[in-house]
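Here is what each chain is made of, one letter per residue.
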Amino acid sequence: MNVTGGFISDECREIVQSASGSEDPMQIPISSKSPRSTQVHGKGSPVNHDRQSRSPIDGRPKKGGCGGKGTWGGLLDTDSSYALDPNDPNYDSSEEYGHPNARKSAPDFDAFKKKATIIVEEYFATDDVDSATNELKELAMPSYNYYFVKKLVSMAMDRHDHEKEMAAVLLSALYADVIDAPQVYRGFSKLVESADDLIVDIPDTVDILALFIARAVVDDILPPAFLKKQIALLPNDSKGVEVLERAEKGYLAAPMHAEIIERRWRVSKKTVEDVKARINNLLIEYVTSGDKKEAYRCIKDLKVPFFHHEIVKKALVMAMERRQAEDRLLDLLKEAAEEGLINSSQITKGFDRMIDTIEDLSLDIPNAQRILKSLISKATSDGWLCASSLRSFSLEPRKKLLEDNFTRTFKLKSQSIVQEYFLTGDISEVFSCIEAENKTSSGELNAIFVKRLITLAMDRKNREKEMASVLLSSLCFPADDVVNGFVMLIESADDTALDNPVVVEDLAMFLARAVVDEVLAPQHLEEVGSQFLGTDSIGGKVLQMAKSLLKARLSGERILRCWGGGGSSRPGWAVEDVKHKIGKLLEEYESGGDIREAYRCIKELGMPFFHHEVVKKAMVMVMEKKNERLWGLLAHCFGSGLITMNQMTKGFSRVEESLDDLALDVPDARKQFLAYVEKAKTTGWLDSSFHYGNSINGKDNGACQ
């Protein structure tokens, strides 16, 4: 059969083969009306070197069709104005949409393309990952998700670095949960195949697409083998080959390539210093011109409502430095507050920050304290500030936290210590360094180290987050110092949010993990929350989320595995592995082992937060074998402080929950358990308030663990 319209493309061949079952694309009828400029890849195949798609009318590239921005040169993405002619003698309905049920699926795919474009555009406007994820889920067309990958990346390629970073973040968030691996793979395959068309509208396609591919490999959503496999499928002179070679040799082969690639597009995102500079400039311009509308427009354009306290602070400082501009600046803040442009909590926080820094300001402005009291009085009388919500303000100098040269030096050294720890995983070296730098075991310096450790971890991957939690549980800082560290973290969360939009979620998880690891007790959460009044404050949100995480069913195990588990010292750690090790060491001790050796093995597990499993397994073995040898091991561990009362309580609670199953093998399990509970209370292992009535009365307490 003669085929009109030239050779068919890989994409067309793939679709037609799926519809017809034919292995030979040359046996499939193609409409003589097809305007596509196509080629066949592979050895010995003719290649059309004019990659630009041409219009059948005037030979110019078609916008919105093959060769246009965001298009792919394949059958699925042809311009909507092009359609096959059903009256053509060679017409085959399966050719158009790739399967026999094409008439039914065509509207579905067209609808998906339109909705996918809307989702991407809205995501770039809102930066809301959750919303984009939910909208894609609601489409419920997983077989077309490759097109979403392709559309997201192609639209980001023609935008700023901020959108490119957003696209990479969204892909990583969608991977596996919403878009499965084959669809991601296929989406990037289509992108590479379309490089020659994309370069018509995006001149630096080779570099940008190479970086997207490298980022996908670093983010573990694309296998490294993708590069070699795709190169083998492309003609040597295609731009796709250049893209893949640039990704491999220019990015992935470079030293420290992961960090370089991850930070490549972050440079254009707002930083604290950038926003502060813009705020300063808009206030200076306002003082000069008095144009309130322009000032409000500039404030809105910042798009940082959580950082408006900086506007308040800078305006107050400027009013104190330029006395003649005081009325104009206060008028700006008053109207901004009345119109809701700057909310009351940001107004209060701005004044609070002024109160905190008034002593430093007094060095440059001798009457700073008196002027600030006057400003507070004016704002209160005008009704846009609630003075009772401010921190206490006295003309007497307040005792400042350690902020001398030694403290600043310690902050810098802390950063070096943490960075080296992330590279080596050597906890003992961290101990030595902290001991050398903080010889007096200052609580303030301990809090500073906690803040620095978690701040650096939040800006890295799950591996470093897990390592930070492991180190925090190993340092044995006083709980008050850790609490102060978290308070400092939350106080600076507004600034951190400029670079880390999920700072609330990260801090909540670190706080919940600290409770699970018994670095903090549950009551310490209230101590942290008491520093930040109101559920709408950053501290309130962090506390609420941390409590929700801890209340969830099986919260301990879930929180432990939130970052993959184990840090650098226990690669591949899993709950089942640890349970197996605990069972083995208890069996070995029960059969006549050394109590010191058993104690050492429990300690070397390095998981004090999981000692409730030791208690549970030991108690079950005691009740099954009616041998109290393991009771002696628990007594030794409790007496030495290795197993805490909290872990004892958790362990006994888990035994209580499994009594129904245990009673099948040990008929008097409930009677034994009751006796051991009373014995544990007598020895001080359990609090007298420990409740065990439900299981003893035969009620079902839930699933066994």
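All values reported here derive from a predicted model rather than from experimental measurement. (Residues numbered from 1 in each chain as written. Predicted model: local features only at pLDDT ≥ 70, side-chain atom pairs only at ≥ 80, totals over all residues. Heavy atoms only, no water.)

1. Remarks on the overall build of the protein chain
So, step 1. Assigned secondary structure in the protein chain consists of 36 helices and 0 strands.
So, step 2. Looking at the protein chain as a whole, 48% of its 705 residues qualify as buried.
So, step 3. Put simply, 74% of the contacts in the protein chain that link residues at least 6 apart link residues at least 24 apart.
So, step 4. Accessible area for the protein chain stands at about 33,800 Å²; split by element, carbon and sulfur atoms hold 50% of it. (Helix = DSSP H or I, 4+ residues; strand = E, 2+ residues; numbered from the N terminus. Buried < 20%, exposed > 50% of the residue type's maximum accessible area, 1.4 Å probe, protein only. Contact = heavy atoms within 4.5 Å. Areas by Shrake-Rupley, 256 points an atom, 1.4 Å probe, with all protein chains shown as cover.)

2. Overview of the packing of aromatic side chains
So, step 1. This structure, assessed with the given rule, holds 14 aromatic pairs.
So, step 2. A ring pair is formed by F109 and Y144, whose centres lie 4.7 Å apart and whose planes are at 65°; its orientation type is edge-to-face. Within this pair, whereas F109 is found in helix α3 (residues 102-126), its partner Y144 is found in the loop between α4 (129-139) and α5 (145-157), the two being separated by 35 residues in sequence. One exposure class covers both F109 and Y144, and it is buried.
So, step 3. For the pair F652 and F673, a centre-to-centre distance of 6.2 Å together with 40° between the ring planes defines the contact as tilted. One end of the pair, F652, is in helix α33 (residues 645-657); the other, F673, is in helix α35 (residues 669-683), with 21 residues separating them in the sequence. (Phe/Tyr/Trp six-rings, centres within 6.5 Å; stacked < 30°, edge-to-face > 60°.)

3. A few points about the nonpolar core
Soluble globular proteins: nonpolar side chains tend toward being buried together.
So, step 1. F449, I454, F486, L507, L586, L634 and F652 are the most contacted members of the largest nonpolar core, which has 96 residues in total.
So, step 2. Per-element accounting of this core gives the leading share, 11 residues, to helix α25 (residues 503-516).
So, step 3. Here this core spans two domains, and each of domain 3 (410-561) and domain 4 (575-683) adds at least three residues to it.
So, step 4. Not counting chain neighbours up to four residues away, the residues in contact with L507 comprise I454, M458, F486, L489, I490, A493 and V542.
So, step 5. Ranked by size, the runner-up nonpolar core spans 60 residues in total, among them I179, L211, A247 and I261. (Core = buried A, V, L, I, M, F, W, Y, C linked by side-chain atoms within 4.5 Å. Domains from an automatic or database assignment.)

4. A word on the packing of helix α13 (residues 272-289) against helix α15 (residues 309-321)
So, step 1. Packing of α13 against α15 leaves a shortest axis separation of 10 Å and a crossing angle of 50°. One way to sum up the angle between α13 and α15 is to call them oblique. α15 is crossed by α13, and the crossing has right-handed handedness. Where α13 abuts α15, its residues K276, I279, N280, L283, I284 and V287 lie against E310, I311, K314, A315 and M318.
So, step 2. Classifying every residue of the contact of α13 with α15 by side-chain character gives 7 nonpolar, 1 polar and 3 charged. (Axes fitted to C-alpha atoms, helices over the stretch in contact; angles between N-to-C directions. Parallel < 35°, antiparallel > 145°, perpendicular 65-115°, else oblique. Left-handed = near helix turned anticlockwise from the far one by under 90°. Nonpolar A, V, L, I, M, F, W, Y, C, P; charged D, E, K, R; others polar.)

5. Considering unusual backbone geometry
So, step 1. Here A140, not a glycine, exhibits a phi torsion of approximately 55°, which is positive.
So, step 2. Mapped onto the elements of the fold, A140 is located in the loop between α4 and α5.
So, step 3. Judged by relative accessible area, A140 falls into the exposed class, the value being 58%.
So, step 4. Of note in this structure, D220 is not a glycine but carries a positive phi near 65°.
So, step 5. Within the secondary structure, D220 sits in the loop between α9 (205-218) and α10 (225-233).

6. Observations concerning the packing of α15 against helix α16 (residues 326-338)
So, step 1. Across the interface, α15 lies against α16 with an axial gap of 9 Å and an inter-helix angle of 165°. When the interaxial angle is binned, α15 and α16 end up roughly antiparallel. Crossing handedness for the pair α15 and α16: left-handed. Every residue of α16 that contacts α15 at V312, A315, L316, M318 and A319 is listed here: E326, L329, L330 and L333.
So, step 2. Residue classes in the contact of α15 with α16 are distributed as 8 nonpolar, no polar and 1 charged.

7. A word on helix α32 (residues 629-639)
So, step 1. The complete set of buried residues in α32 reads L630, W631, L633, L634 and C637. One side of α32 holds all its buried residues, which, seen down the axis, span an arc of 155°.
So, step 2. The positive-phi residue at the C-terminal boundary of α32 is G641, with phi of around 90°. (Arc of directions from axis to C-beta.)

8. A word on the side chain of H612
So, step 1. Along the polypeptide, H612 turns up in helix α31 (residues 611-625).
So, step 2. In this structure, H612 is in contact with E557, Q647, K650, G651 and R654, ignoring residues within four places of it in sequence.

9. Examining the pattern of salt bridges
So, step 1. As enumerated under the stated definition, the model contains 26 salt bridges in all.
So, step 2. Ionic pairing is found between D207 and R246, a salt bridge with its closest N-O pair at 3.1 Å. Highlighted residues: D207 in helix α9 and R246 in helix α11 (residues 239-252), separated in sequence by 39 residues.
So, step 3. Owing to a relative accessible area of 22%, D207 belongs among the partly exposed residues under this scheme.
So, step 4. The salt bridge involving E628 is made with K679; its shortest N-O contact spans 3.0 Å. Highlighted residues: E628 in the loop between α31 and α32 and K679 in helix α35, separated in sequence by 51 residues. (Salt bridge = Lys/Arg side-chain N within 4 Å of Asp/Glu carboxyl O.)

10. Looking at helix α17 (residues 344-364)
So, step 1. Taking 1.5 Å per residue as the helical rise, α17 with its 21 residues ought to reach 30 Å, and the 29 Å between its terminal C-alpha atoms agrees with that figure.
So, step 2. Along its length, α17 reaches its greatest deviation from straightness, about 60°, at I358.
So, step 3. Taken residue by residue, α17 has Q346, I347, T348, G350, F351, D352, R353, M354, I355, I358, E359 and L361 as its buried positions.
So, step 4. Considering only its buried residues, α17 is in contact with α15, α16 and α18 (368-381). (Expected span 1.5 Å × (residues − 1). Bend = angle between axes of the 7 residues up to and from the residue.)

11. Notes on the environment of A508
So, step 1. Along the chain, A508 falls in helix α25.
So, step 2. On the basis of relative accessible area, A508 is assigned to the buried category, the value being 0%.
So, step 3. On a C-alpha basis, the gap between A508 and I490 in space is 9.9 Å, while along the polypeptide they are 18 residues apart.
So, step 4. Excluding its chain neighbours within four sequence positions, the residues that come into contact with A508 are V542, M545, A546 and L549.

12. Re the environment of S389
So, step 1. Here S389 shows up in the loop between α18 and α19 (405-424).
So, step 2. S389 sits in the partly exposed class, given a relative accessible area of 36%.
So, step 3. Sequence-wise, S389 and D352 are 37 residues apart; in three dimensions their C-alpha atoms are separated by 9.2 Å.
So, step 4. Excluding its chain neighbours within four sequence positions, the residues that come into contact with S389 are T348 and D352.

13. Quick notes on a negative patch on the surface
So, step 1. Together, D127, D128, D130 and E505 make up a region of like negative charge exposed at the surface.
So, step 2. Here D127 shows up in the loop between α3 and α4.
So, step 3. When its relative accessible area of 34% is taken as the criterion, D127 is described as partly exposed. (Patch = residues over 30% accessible without salt bridge, like charges linked within 9 Å, V, L, I, M, F, W, Y side chains within 5 Å. Lys, Arg positive; Asp, Glu negative; His and termini not counted. Charge placed at Lys NZ, Arg CZ, Asp CG, Glu CD.)

14. Details of the environment of I417
So, step 1. Of note, I417 is situated in helix α19.
So, step 2. The spacing of I417 and I434 is 17 residues in sequence and 8.2 Å in space, taken between C-alpha atoms.
So, step 3. With sequence-adjacent residues up to four places away left out, I417 is seen in contact with V430, C433, I434 and F449.

15. Here's the deal with the confidence of the model for the protein chain
So, step 1. Averaged over all residues, the pLDDT of the protein chain is 76; the fraction at 70 or higher stands at 76%.
So, step 2. The element-level mean pLDDT for the protein chain is lowest in helix α2 (residues 93-97), coming to 40, with α5 highest at 95.
So, step 3. A low-confidence stretch, residues 1-104 (pLDDT under 50), is modelled with 172 contacts involving residues beyond four sequence positions or located in other chains.
So, step 4. With pLDDT under 50 throughout, residues 694-705 is counted as low confidence; its partners more than four residues away or in other chains account for 24 contacts. (pLDDT = per-residue confidence, 0-100.)

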